[in-house]
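The residues making up each chain are set out below.
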Amino acid sequence: MGTVWPMRRVERLDEAVWPALEHTEPLLVIPVGSCEQHGRHLPMSTDTLIATSLAERAVALVDGALLGPPLTVTASGEHQGFPGTLSIGNQAMEAVVVELVRSADWARGVVLVNGHGGNRAAVDAATRRLDHEGRRVLSWWPRVPDEVDGGDLHAGHVETSLLLALAPHLVDRSAARAGPALDRAAMTRVMSEGLRPVSPDGVLGDPTAASADHGHELLGLLTGQLTAAIEAWDRSPT
Ligand SMILES: [Zn+2]
């Protein structure tokens, strides 16, 4: 028998060895991003960067939480009119989430940290199915206060401020252009024709006044929301 060393504290699944996970039943936190156009000024990985950063912050604060690998290509069909966008579509996305969560039965639950609104239908359908199977899954969506969320849905003030806080070297401020705010009529058009005819630059909202300070404020707010949601859900009975 060799010496039994104390297990190191595991916070990232990609750096873990399996014995460190046995009998621990961690809470697996998965960032759900996208690879899609974000205007002329933000990178394809915008949603992934935001979701991953929020997930990392929550994992650092919640007892027993473990950061899983991000989903980086998801359902982005509405952005297909722009080069660079990759998408697996709604049906495949639903199946990916279902199988991913099923495969994590070694965890006491799975938290999906959603960074891309276009995944809503697929993720909701997947979590309904998983709930029905008796699996523990929390699907969390950021809620930004109304004053900054009025139609500012894509590559606008909110996402640009967050990226200025998280990865300023990936933001080209000189290329930022305002796009239309999204009303009901525009939304209907996006659903049928995709985003490009509605917003030729690929922006919904106005990124021109975004700031890193506001981004840091939003990160604090969203981290608080996410952490509170995870803790309440983890305490609630199955
Ligand atoms: Zn986005």
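Residues numbered from 1 in each chain as written. Predicted model: local features only at pLDDT ≥ 70, side-chain atom pairs only at ≥ 80, totals over all residues.

### A few points about the overall build of the protein chain
Within the protein chain one finds seven helices and four strands. In the protein chain, the order of α-helices and β-strands from amino to carboxyl end is β-α-β-α-β-α-β-α-α-α-α. A compact globule built from 238 residues would reach a C-alpha radius of gyration of about 18 Å, and the protein chain, at 19 Å, matches this within 12%. C-alpha extents for the protein chain along the principal axes are approximately 65 × 35 × 30 Å. (Helix = DSSP H or I, 4+ residues; strand = E, 2+ residues; numbered from the N terminus. Rg over C-alpha atoms; globule rule 2.2 N^0.38 Å.)

### Notes on the sheet that holds strand β2 (residues 65–67)
Pairing is parallel in the open sheet, where four strands are placed in the order β2-β1-β3-β4. Only two strands of the sheet have a single partner each, and these edge strands are β2 and β4 (137–140). The sheet shows a mean angle of 25 degrees between the axes of neighbouring strands, direction not considered. Pairing between strand β1 (residues 27–32) and β2: three bridges, direction parallel. What sits directly across from leucine 28, in β2, is leucine 66. The strands that helix α3 (residues 120–132) touches are β1, β3 (109–114) and β4; relative to β4, the one it contacts most, it runs at about 160 degrees. Across the face of the sheet, helix α7 (residues 212–235) comes into contact with β1, β3 and β4 while running at roughly 160 degrees to β4. (Pairing = 2+ DSSP bridges. Axes fitted to C-alpha atoms, helices over the stretch in contact; angles between N-to-C directions. Contact = placed C-beta atoms within 7 Å.)

### Some thoughts on helix α6 (residues 184–193)
The buried fraction of α6 amounts to one of the 10 residues, a small share that puts the element mostly on the outside. Looking one or two residues beyond α6, the residue adopting positive phi is glycine 194, at roughly 90 degrees. (Buried ≥ 20, exposed ≤ 12 C-beta atoms within 10 Å, placed from the backbone.)

### Focus: the nonpolar core
In this structure, Val29, Ile30, Val110, Val111, Leu112 and Val113 are the most contacted members of the largest nonpolar core, which totals 49 residues. Considering each element in turn, this core owes the most residues, seven residues, to helix α1 (residues 46–61). Those residues in contact with valine 113 that lie beyond four places of it in its chain are Val29, Ile30, Pro31, Val32, Ala51, Leu54, Ala55, Trp140 and Leu226. (Core = buried A, V, L, I, M, F, W, Y, C linked by C-beta atoms within 7 Å.)

### Details of the environment of histidine 79
With respect to the helices, strands and loops of the structure, histidine 79 is situated in the loop between β2 and α2 (89–103). With 25 C-beta atoms packed within 10 Å, histidine 79 lands in the buried category. Separated by 54 residues in the primary sequence, histidine 79 and glutamate 25 place their C-alpha atoms 38 Å from one another. If sequence neighbours within four positions are ignored, histidine 79 has contacts with Glu36, Gln37, Thr85 and Leu195.

### Focus: the packing of α1 against helix α5 (residues 157–166)
For the pair α1 and α5, interaxial distance at closest approach is 10 Å and the crossing angle is 65 degrees. Taken together, α1 and α5 sit at an angle that is classed as roughly perpendicular. In terms of crossing hand, the pair formed by α1 and α5 is left-handed. Judged by residue contacts, Thr46, Leu49, Ile50 and Ser53 of α1 engage Glu159, Leu162, Leu163 and Leu166 from α5. Tallied by class, the residues present in the contact of α1 with α5 amount to five nonpolar, two polar and one charged. (Parallel < 35°, antiparallel > 145°, perpendicular 65-115°, else oblique. Left-handed = near helix turned anticlockwise from the far one by under 90°. Nonpolar A, V, L, I, M, F, W, Y, C, P; charged D, E, K, R; others polar.)

### Concerning α5
With nine of 10 residues buried, α5 is to be regarded as a mostly interior element. Every buried residue of α5 is listed here: His157, Val158, Glu159, Thr160, Ser161, Leu162, Leu163, Leu164 and Ala165.

### Brief notes about the environment of alanine 104
Looking at the element boundaries, alanine 104 is found in the loop between α2 and β3. For alanine 104, a count of 20 C-beta atoms within 10 Å gives the class buried. In this structure the C-alpha to C-alpha distance between alanine 104 and leucine 28, which are 76 residues apart in sequence, comes to 7.9 Å. Each residue touching alanine 104, except ones within four places of it in the same chain, is listed here: Leu28 and Val110.

### Side note on the pairing of β4
Pairing between β3 and β4: four bridges, direction parallel. Among the inter-strand pairings, valine 110 is bridged to a residue of β4, identified as valine 137. Each parallel crossover has a hand, and the one from β3 via α3 to β4 is right-handed. (Right-handed = clockwise from strand over helix to strand, strands pointing away.)

Geometry only, nothing functional implied.
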